[in-house]
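Geometric and topological summary
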Amino acid sequence: MKRALKITALLVTLIVAAAGALAAWYLHTKQPQRSGAVAMANLIAPVSVRYDERGVPHIWAEHEADLYRTLGFVHAQDRLFQMEMVRRLTQGELAEVLGPKLVDSDRLFRTLGIRAHAQDAAAKMDLQSPASQALLAYLDGINQYQATHPAPLEFDLLKIPKRPFTPRDTLAVSGYLAYSFAAAFRTEPALSFVRDKLGERYLNVFDLDWNPQGVIQADVPASTAAALSPGDWQVLSQLTQLSSQALALAGVPFFEGSNAWAISGSRSASGKPLLAGDPHIGYSLPSVWYEAHLAMPGFELYGHHQALMPTALLGHNLQFGWSLTMLQNDDVDLIAEKLNPENPNQVWHEGQWVFLQSRVETILIKGDEPIKLTLRRSPHGPIITDAFKDSLGKTPVAMWWAFLETENPILDAFYDLNRANTLEKARGAASQIHAPGLNVVWASARGDIGWWAAAKLPIRPEGVNPSFILDGTTAAADKLGFYRFSDNPQEENPQRGYIVSANHQPKPKSGVPVAGYYNLVDRAQRLDERLRDDTVRWDSRASQDLQLDTRTGYGPRVLAPLLPILNSFITVPMERAMLESLAGWDGSYELSSITPTVFNQLLYELTRAAFADELDELQFTNLLGTRALDAALPRLAGDADSPWWDNISTPVREQRADTVKLAWRATIDHLQKTLGQEATDWGWGNAHTLTHRHPLAAEKPLNWLFNVGPFPAPGGHEVPNNLSSPLGPAPWAVSYGPSTRRVIDFGAPGESVGINPVGQSGVLFDKHYSDQALNFVAGGYLSQHLSAVDVHARTRSTLTLSPSGAAPKPAPGH
């Protein structure tokens, strides 16, 4: 008996060991190859790829096509699953691999028209242009990697079939960028509901005015939309919610805000311009940026690339560099159409009934039957309410979108920007960006700095406020053309010696108003306040310190009119101590501080007490996700007579003091329930955390395997270190923030620094999967190696790619 047990135990041990060895071998086949030699078709000459200590590839090639073909290859081996997910998201193909829960997301993206637009644009491409040639070589590199290597782990788990990547996929990604920026989907239904269902008095709390003088240095009448039924409002609320959820479900990051500044040599310690930038993007795993250093005779760039984009969206070299922020211009109008009661395929346009265009597309669904989707288009654009099957809505709502209505040669724009070593070239590259709207902040070693609001800005009829759903039967929904690029907000070498861009409403010298959904002014004001200090001689360390700043005046601004009210009824000693800390608070978000925890919970409870009774739960949830609410809350706090203070579900009329008292009590109760009875447990680092989430981690227990975090997170919503979470109850999970932090001093551009929020690789168990995560959240910076000497010293492995058919041999070094 004992012998049998021993044999059984031995067999079990052998089976477990064999299974472990098989699993280890399987996972090893999925890892990137960063050393040795690889034969590659279509190469002209050998290419050298040196990997540094962070896994960043430094690529040296003799020919441009080889350079981009190699970039595609190495990008794919680190990020192929990310590439697959972003192309499926933008073209409405996620349900094919993720199942029925993604059908609504696919419906939405098919309805947006990105897929059809990308297909048309790809057919019209000039395949001989330099940008197109770079794209074709890059895609060939991706496809060669995919065809010759095992599929990523995620492909196996989801049973994703391999398909070649095409120019249409890349062009669709630019649509995802434009969609990700479009706050109109979240904002216009909410504001239109407030105006049309509650009235102008309720609308007054929202700051919808254009400020002709800018915001860091007139009422527009609204057009009336067609009458919307309760079913219509329900559909629009679902659209708002789905537009926010779609990117999260796919694990694809959304673009939210950014900081960037350029400082002239007259204000810097080195006497040369200094550039800093940290685009604020949704956190995901892997992160949005893939870093790569490209070099060939006559060209060199250290760049940050997005999936399926051959050219860098952020970059620098020894001569020049640039960063981006989101312009936040409103380039989407939602338009209520009037259907012909005699023919549901017609709408009223320019005084007559006109037919809707329609097409049918098929959505494949994993584990279910395909569905047919009829997509309609009015003269104004796609009917986006068609995204919802069995909709209760009666009024079709169309979407006019600059992305669909402009040529938008974004590939040419960034190809040129990657080579823009003069002010004139940078300006010319920026002028080719039509949608999404971007602020390009640029600096050069020659001494120039510049900023251009890059977008095709539509000319709307006078008196039209695009913050609301427009009436498609009137001229209010028409566009009269586009303003000239020279009319856009922009600056070159300003006398003040610096340029700052932080998603705030700009001041165009032309006087042209730029309608938009701008971020809170407080972040821009904080940056401007510090950059304006002419006693500071700016260097890399000072700019890093500013990027990590956790303070603005927003919290104290909201609290100022509320403190006397709070002081009138708070008597409990512990709560009095909290009140005193709020009264003396400077608006900083430090990990050990209790005050920001109390403030953010109070802000949410005030918002819920004021707004939730007038709105249904879905409308209220959607309002929480708008920038319009951020600006409304200080105005609400300061307006004792606002109708929002009254709870319409009670027979009495509540005043501001009543609602503030209710919110305070709810704040204390919630924090004690969720964070602990003792206020010492309410530190910001306990309540505010960052987790980098992988798309597959939505299914437990895969979250333990794929996710990275949580980490206590400093900073907060709309401070310079904008580690932001949605307005809601504690605890708060950071949803977006700095996607990198870069600082380039052109006095020593080879010593630039940056950081990735997680790691360079998207391959599970790779050493660069999460090797930067702790450093990032702690505010660390790492070198971005540019000089040949530094690259050689920091090389950890070298991969040589040689033309197939030729014996592998070392490529020329850099």
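Residues numbered from 1 in each chain as written. Predicted model: local features only at pLDDT ≥ 70, side-chain atom pairs only at ≥ 80, totals over all residues. Heavy atoms only, no water.

In this section: empty space enclosed by the protein. Volume-wise, the largest cavity comes out at about 220 Å³. Forming the boundary of the largest cavity are 22 residues, of which Lys30, Pro152, Leu153, Glu154 and Val763 lie nearest the centre. Counting residues per element, the ones that place at least two in the lining of the largest cavity are α1 (2–29), α2 (64–90) and α7 (153–158). The biggest single contributor to the lining of the largest cavity is α2, with seven residues. Across the lining of the largest cavity, the residue classes break down as 13 nonpolar, five polar and four charged. (1 Å grid on protein atoms, 1.4 Å probe; cavity = no way out; pocket = protein on both sides within 12 Å on 5 of 7 lines; lining within 4 Å. Points joined across faces, edges and corners; volume = space filled by probe spheres on them. Helix = DSSP H or I, 4+ residues; strand = E, 2+ residues; numbered from the N terminus. Nonpolar A, V, L, I, M, F, W, Y, C, P; charged D, E, K, R; others polar.)

Another aspect to go through is unusual backbone geometry. Cis rather than trans, the peptide bond between Leu285 and Pro286 has omega equal to 0 degrees. Here the residue pair Ala730 and Pro731 is connected by a cis peptide bond, since its omega of 0 degrees sits within 30 degrees of zero. Its place among the elements puts Pro731 in the loop between β24 (708–712) and β25 (732–733). For Asn408, which is not glycine, the phi torsion reads 50 degrees and is therefore positive. Looking at where Asn408 falls in the secondary structure, it is placed in the loop between α12 (402–405) and α13 (410–417). The residue Phe765 is not glycine, and still its phi comes out positive at about 75 degrees. Along the chain, the position of Phe765 falls in the loop between β28 (753–754) and α26 (773–777).

A few words now on the side chain of Arg115. Topologically, Arg115 is positioned in helix α5 (residues 114–123). Residue classification places Arg115 among the buried residues on the basis of a relative accessible area of 17%. Those residues in contact with Arg115 that sit more than four places away from it in its chain are Thr90, Gln91, Glu93, Arg110, Arg168 and Glu361. (Buried < 20%, exposed > 50% of the residue type's maximum accessible area, 1.4 Å probe, protein only. Contact = heavy atoms within 4.5 Å.)

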